[in-house]
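If you want the building blocks of each chain, they are given just below.
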Amino acid sequence: MTSAATQVLAPDLLAISHGTSSSAGQAAVAALVAAVAGSRPELAVHEGFVDVQQPDVPTVLGALGEGRRSVIVPLLLSAGYHVHVDLAEVAHASGATVAAALGPDERLVRLVARRLAEVGLTRDDIVVLAAAGSSDARAVADCVETASRLGGLLDLPVSVGFISAALPRLADEIATARAARPGRRVVVASYLLAPGYFAGLAARAGGDVTTAPLLTPDGPVPAELVDIVLERYAEAHR
């Protein structure tokens, strides 16, 4: 079989994010999907959402050509309900394959560290990782692991606080960290994919400074994120 034929038969890549009503968040995620498509022009790449925005995943799958295979790549930092239940059920019904979530991954940790450097993190600062949160213990464990890896990279203690659905709540963790080391600056490291409602809550949770999400609407798409999306696709395809 020729290389060209192999490319034609490659499964479609469905880049599925949570969805947001934030125009900045929508633009940032769309830029990531465009960067993925641009880096692999032989692949058919489709954008879809599990909530808030359209098209939803069944609509994206229904628009594919008859007999087309597909790999759903969740543009989610940890594997919670959406990955294990929502996307799994849709994939089972359609014959699609669901790839792993984007995290935990050392490249995401390095990207968070870069965002911290952008706000001038110092050795005297307290770092609290701000994660979205999930009712799924596996997703919570993923975020705790990411905080641990970030602490190892920075050689600083890093705790984690959750914006929703898990404990400790971000505002409480910030208050606890500040009480333990009074007078120190509390830096909130956003472990969030893009601007939106949760990013706004993180910024208002009580930290002295909060980093930007991994994607920003005006900045370049981090190459690490493109690489991870394509790696998850390849792993699931294999």
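Keep in mind it's a predicted model, so treat the numbers as computed, not measured. (Residues numbered from 1 in each chain as written. Predicted model: local features only at pLDDT ≥ 70, side-chain atom pairs only at ≥ 80, totals over all residues. Heavy atoms only, no water.)

**Q** Break down the overall build of the protein for me, citing the residues and quoting the values.
**A** The secondary structure content of the protein amounts to 9 helices and 8 strands. Against the compact-globule benchmark of 18 Å for 238 residues, the protein has a radius of gyration of 18 Å, which places it among compact chains. Among the 238 residues that make up the protein, the fraction classed as buried is 46%. Across the protein, the fraction of contacts at a sequence separation of at least 24, relative to all contacts at a separation of at least 6, is 75%. Of the roughly 10,700 Å² of accessible surface on the protein, a fraction of 55% belongs to carbon and sulfur atoms. Of the side-chain charges in the protein, 18 are positive and 25 negative, and the distance between the mean point of each set is 5 Å. (Helix = DSSP H or I, 4+ residues; strand = E, 2+ residues; numbered from the N terminus. Rg over C-alpha atoms; globule rule 2.2 N^0.38 Å. Buried < 20%, exposed > 50% of the residue type's maximum accessible area, 1.4 Å probe, protein only. Contact = heavy atoms within 4.5 Å. Areas by Shrake-Rupley, 256 points an atom, 1.4 Å probe, with all protein chains shown as cover. Lys, Arg positive; Asp, Glu negative; His and termini not counted. Charge placed at Lys NZ, Arg CZ, Asp CG, Glu CD.)

**Q** Give me the lowdown on the side chain of D105, citing residues and values where you can.
**A** By the secondary structure assignment, D105 is in the loop between β4 (97–98) and α5 (106–118). Judged by its relative accessible area of 9%, D105 is buried.

**Q** Now, about the sheet that holds strand β1 (residues 12–17): what can you tell me, with residues and values included?
**A** Pairing is parallel in the open sheet, where 4 strands are placed in the order β2-β1-β3-β4. Strands with a single pairing partner mark the edges of an open sheet, and in this sheet they are β2 (45–49) and β4. In terms of strand pairing, β1 meets strand β3 (residues 70–74) through 5 bridges, oriented parallel. Bridge pairing in β3 places I16 opposite P74. (Pairing = 2+ DSSP bridges.)

**Q** So what's going on with helix α2 (residues 23–39)? Which residues, and what values?
**A** The terminal C-alpha atoms of α2 lie 24 Å apart, and with 17 residues this matches the ideal 24 Å at 1.5 Å per residue to within 8%. Along α2, the positions that sit buried rather than exposed are G25, A28, V29, L32, V33 and V36. One side of α2 holds all its buried residues, which, seen down the axis, span an arc of 135 degrees. Exposed residues lying more than 90 degrees from the buried face of α2 are S23 and G38. Contacts from the buried residues of α2 go to β1, β2 and α9 (223–237). The backbone nitrogen of A24 has a side-chain oxygen 3.3 Å away, supplied by the residue at the start of α2, namely S22. (Expected span 1.5 Å × (residues − 1). Arc of directions from axis to C-beta. Polar contact = N/O pair within 3.5 Å; in protein donor to acceptor, adjacent residues only side chain to side chain.)

**Q** Describe unusual backbone geometry, naming the residues involved and giving the relevant values.
**A** Look at the link from Q54 to P55: it is a cis peptide, with omega at 5 degrees. Within the secondary structure, P55 sits in the loop between β2 and α3 (57–63). A cis amide bond links L167 to the next residue, P168, at an omega of 0 degrees. Mapping P168 onto the fold places it in the loop between β6 (158–162) and α7 (170–180). Notably, V52 is not glycine yet its phi reads approximately 70 degrees, a positive angle. Structurally, the position occupied by V52 is in the loop between β2 and α3.

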